[in-house]
Amino acid sequence: QVQVVESGGGLVQPGGSLRLSCVASGSMFSRYYMGWYRQAPGKQRELVAAITSDFSTNYADSVKGRFSISRDNAKNMVYLQMNSLKPEDTAVYYCYAAAVMRGDYWGQGTQVTVSS
């Protein structure tokens, strides 16, 4: 069983920055696909950014050039650096971990609110 825990959410003004962190327990972290998803009130959960076991990344069009995903396999951590935040980035952000034959796991979510 893998536990996924996010941290780093909060309230930030438009144009500001936040860094989200996610730690995944267990072994073989380097083999996991790791993703950040978000869900705003009344909307479906959507992919924000993802990073594969070979460090390939992909981003939602709405965050390209502003957000950056990275991972530290030695620490079982994945990060989401969010810059130039906009009110429309307000959502609960979830960390997701998945690996072939090992299942997939969600964190409990962390709230990000962008408001003046």
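Above this text sits the structure in question.
All of the points below concern the structure found in this document. Remember, it's a predicted structure, so these values are computed and weren't measured experimentally. (Residues numbered from 1 in each chain as written. Predicted model: local features only at pLDDT ≥ 70, side-chain atom pairs only at ≥ 80, totals over all residues. Heavy atoms only, no water.)

### Looking at the state of the cysteines
In total, this model carries 1 disulfide according to the counting rule given. The disulfide bridge from C22 ends at C95, spanning 2.1 Å between sulfur atoms. Disulfide C22-C95: the torsion about the S-S bond is -85°, which places it as left-handed. Within this pair, whereas C22 is found in strand β3 (residues 18–24), its partner C95 is found in strand β9 (residues 91–99), the two being separated by 73 residues in sequence. The exposure class assigned to C22 is buried, which follows from its relative accessible area of 0%. (Disulfide = S-S within 2.5 Å. Helix = DSSP H or I, 4+ residues; strand = E, 2+ residues; numbered from the N terminus. Buried < 20%, exposed > 50% of the residue type's maximum accessible area, 1.4 Å probe, protein only.)

### Focus on the side chain of R66
Within the secondary structure, R66 is located in the loop between β6 (57–59) and β7 (67–72). Residue classification places R66 among the buried positions, given a relative accessible area of 12%. A distance of 2.9 Å separates a polar atom in the side chain of R66 from the backbone oxygen of S84. Not counting chain neighbours up to four residues away, the residues in contact with R66 comprise Q81, M82, N83, S84, L85, K86 and D89. (Polar contact = N/O pair within 3.5 Å; in protein donor to acceptor, adjacent residues only side chain to side chain. Contact = heavy atoms within 4.5 Å.)

### So, the nonpolar core
In terms of nonpolar packing, the biggest core is built from 31 residues, with M34, W36, L80, M82 and Y93 touching the most fellow members. Among the secondary structure elements, those contributing two or more residues to this core are β3, β4 (33–39), β5 (46–51), β7, β8 (77–82), β9 and β11 (110–114). Of all the elements, β9 adds the most residues to this core, at 5 residues. (Core = buried A, V, L, I, M, F, W, Y, C linked by side-chain atoms within 4.5 Å.)

### Observations concerning the pattern of salt bridges
A full pass over the atoms with the stated rule returns 4 salt bridges. Measuring nitrogen to oxygen at the nearest pair gives 3.1 Å for the salt bridge that ties K64 to D61. The exposure class assigned to D61 is exposed, which follows from its relative accessible area of 65%. A salt bridge links R66 to D89; the shortest N-O distance between them is 2.8 Å. Here R66, found in the loop between β6 and β7, pairs with D89, found in the loop between β8 and β9; they are 23 residues apart in sequence, far enough to count as distant. Classification of D89 by relative accessible area gives buried; the value is 1%. Each of R38, E46, R66 and D89 takes part in a single network of salt bridges with overlapping partners. (Salt bridge = Lys/Arg side-chain N within 4 Å of Asp/Glu carboxyl O.)

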